Amino acid sequence: MKGRERLLKTLKGGRADRIPVTLFIQSQGHFASQLDEKYDPWDFERTQKSIIDYQRSLGLDVHARMLFLNPREPVLAVFQGLNCQTETGSWRVTEEKEWKGSSCLYRQTIRTPEGELHQTFTVNEIRRGTFQYACTDAPIRTVRDLELAEKYEPSYPEETREKIRKNVQVIREYVGEDGIVSAWSSGSLFNNLSTLMDQTELYALFLTDWEFYDRLMKFAKKRVYSYTDILLDAGVDAVCLSGNAAGGFLGNPAFERFVLPYEKELIAYCQRKGNPVIYHNCGRVMELLPSYLKMGAANIEPFSPAPLGNVDLKRLREMMKGEFSVTSGVDQVHILQEGTREQVAAAVKAAMEQGRKFPAFIMQNVDFLEYGTPLENVKTYADTALGLSGQYSMEKR
């Protein structure tokens, strides 16, 4: 098998010729800035290609995750807030910039025929070429705000859709049969909603005002479905959904009652054409596992070990019956970034020994590689994991 077939088969719950071994590398800044002497944070095509080349050089199954899809024009839907990139006659956007240290605050006013909406979008350059993005002042505070957004928020124009299609096709052709191309949609529904309104209100809203909460979730559904369709039409192999906002602190009883029904519907929609969903919750997930077993996602990741998360792969395997494929592996901070090569090899062996017992398992750093991760540690990770993957495959035969 080649990387593409191996990854897709495993993501969908099948058993490949061996355990796929890949890397999660963010497509702007962080570790990617170490891979190219001429790194440009806004040249997304060049950065993606350097990430692909690096995975190839290590003999890995290539996974290109696309987050930024337009050169020098990031589609900020993934970071949410309302759509301030597109204007219509009934959706006019004005913006004021304010700098606070390394953070640029974009204070946006949206004017509609029936009233105004306000939000602040913040971009923080944490180091040269590495940015954090967030809607730091949410736009929906009242039912009236929601009514304006429901009625007037535009979808993305054909020009933007075409740019995304072209960008995805360039990367797909470059990856070829060596791996897959996935893209981040604009979140699970709860994640999408968590940037439209203040989270201190959101986490109790389903108890204090069910009708408002349900209406917000239906609005989020419209937005996420629309952006997901753009990605699927562009030709991505898999859809990544961030599910971390409804973390373990929400608790499974609340998640199962107030979040799970919406997530199941979204995942079914995303997977209706056969593209697997990669559902990502990078925190404490074991509390939510009873709901995850019912959710229907083809793949769930990253099942982080302590201290980043609370997952023990042996316990996870004992609780599952093949409901989804599992992506997990090595702590990207305490092991890959800060550990010795010996510690990396030991952590890989421990994860692979448990991973081989799952019906479908993908080996990966549990979250994106951080800036300053030693290249020799990553090579040790790749060599050890690939060696064990081949060994397990021979033993199976």
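Just above sits the structure.
First things first, this report covers the structure right here in the doc. (Residues numbered from 1 in each chain as written. Predicted model: local features only at pLDDT ≥ 70, side-chain atom pairs only at ≥ 80, totals over all residues. Heavy atoms only, no water.)

Two elements in contact, helix H4 (residues 158–175) and helix H7 (residues 210–234), have axes separated by 8 Å at closest approach and are oriented at 45°. Put simply, H4 runs oblique to H7. The handedness of the crossing between H4 and H7 comes out as right-handed. Two secondary-structure elements touch here, H4 through Arg161, Ile164, Arg165, Val168 and Gln169 and H7 through Ser226, Tyr227, Ile230, Leu231, Asp233 and Ala234. Grouping the amino acids of the contact of H4 with H7 by side-chain chemistry returns six nonpolar, two polar and three charged. (Axes fitted to C-alpha atoms, helices over the stretch in contact; angles between N-to-C directions. Helix = DSSP H or I, 4+ residues; strand = E, 2+ residues; numbered from the N terminus. Parallel < 35°, antiparallel > 145°, perpendicular 65-115°, else oblique. Left-handed = near helix turned anticlockwise from the far one by under 90°. Contact = heavy atoms within 4.5 Å. Nonpolar A, V, L, I, M, F, W, Y, C, P; charged D, E, K, R; others polar.)

We now examine the packing of aromatic side chains. Counted according to the given criterion, the structure contains 18 aromatic pairs. Where phenylalanine 131 meets tyrosine 133, the ring centres are 6.3 Å apart and the plane angle is 40°; that geometry is what we call tilted. According to the relative accessible area criterion, tyrosine 133 is buried, its value standing at 13%. A ring pair is formed by phenylalanine 206 and tyrosine 213, whose centres lie 5.5 Å apart and whose planes are at 80°; its orientation type is edge-to-face. For the pair phenylalanine 206 and tyrosine 213, a shared accessibility class is recorded, and that class is buried. An aromatic cluster is present here, built from Phe206, Trp210, Tyr213, Phe258 and Tyr262 joined pairwise through their rings. A cation over a ring is seen here: arginine 65 above phenylalanine 24, with NZ or CZ 4.0 Å from the ring centre. (Phe/Tyr/Trp six-rings, centres within 6.5 Å; stacked < 30°, edge-to-face > 60°. Buried < 20%, exposed > 50% of the residue type's maximum accessible area, 1.4 Å probe, protein only. Lys NZ or Arg CZ within 6 Å of the ring centre and 35° of its normal.)

Along helix H6 (residues 199–208), the positions that sit buried rather than exposed are Leu202, Leu205 and Phe206. Seen end-on, H6 carries its buried residues on one side only, within an arc spanning 80°. For H6, the exposed residues lying more than 90 degrees away from the buried face are Thr200, Leu207 and Thr208. Of the surrounding secondary structure, the elements contacted by the buried residues of H6 are helix H5 (189–193), H7 and helix H8 (252–258). (Arc of directions from axis to C-beta.)

Within the largest apolar cluster, 104 residues are counted, with the highest numbers of intra-cluster contacts made by Tyr213, Phe255, Tyr279, Tyr292, Leu316, Met363 and Tyr381. In contact with tyrosine 213, not counting residues within four places along its chain, are Phe190, Leu193, Leu202, Leu205, Phe206, Phe258, Val259 and Tyr262. Leu7, Phe44, Cys135 and Phe368 belong to the second-largest nonpolar core, a separate cluster that totals 19 residues. (Core = buried A, V, L, I, M, F, W, Y, C linked by side-chain atoms within 4.5 Å.)

Let's shift gears to the packing of helix H3 (residues 143–152) against H7. Two numbers describe how H3 lies on H7: the axes approach to 11 Å, and their chain directions differ by 25°. Judged on the interaxial angle alone, H7 and H3 are roughly parallel. Like other packed secondary-structure pairs, H3 and H7 cross with a definite hand, here left-handed. Contacts from Val143, Leu146, Glu147, Ala149 and Glu150 in H3 reach Phe212, Arg215, Leu216, Phe219 and Lys222 in H7. Class assignment of the residues belonging to the contact of H3 with H7 gives a composition of six nonpolar, no polar and four charged.

Before going further, it helps to examine the sheet that holds strand S8 (residues 277–280). Adjacent strands of a sheet pair through backbone hydrogen bonds, lying either parallel or antiparallel. As summarised here, the arrangement of the seven strands in space is S1-S6-S7-S8-S9-S10-S11, forming an open sheet in which the pairing is parallel. With one partner strand each, in any of the chains shown, strand S1 (62–66) and strand S11 (361–365) form the two edges of the open sheet. Sheet twist, expressed as the average angle between the axes of neighbouring strands with direction ignored, equals 25°. Of the strand pairs in this sheet, strand S6 (residues 179–184) and strand S7 (residues 238–242) are connected by three bridges, and their pairing is parallel. (Pairing = 2+ DSSP bridges.)

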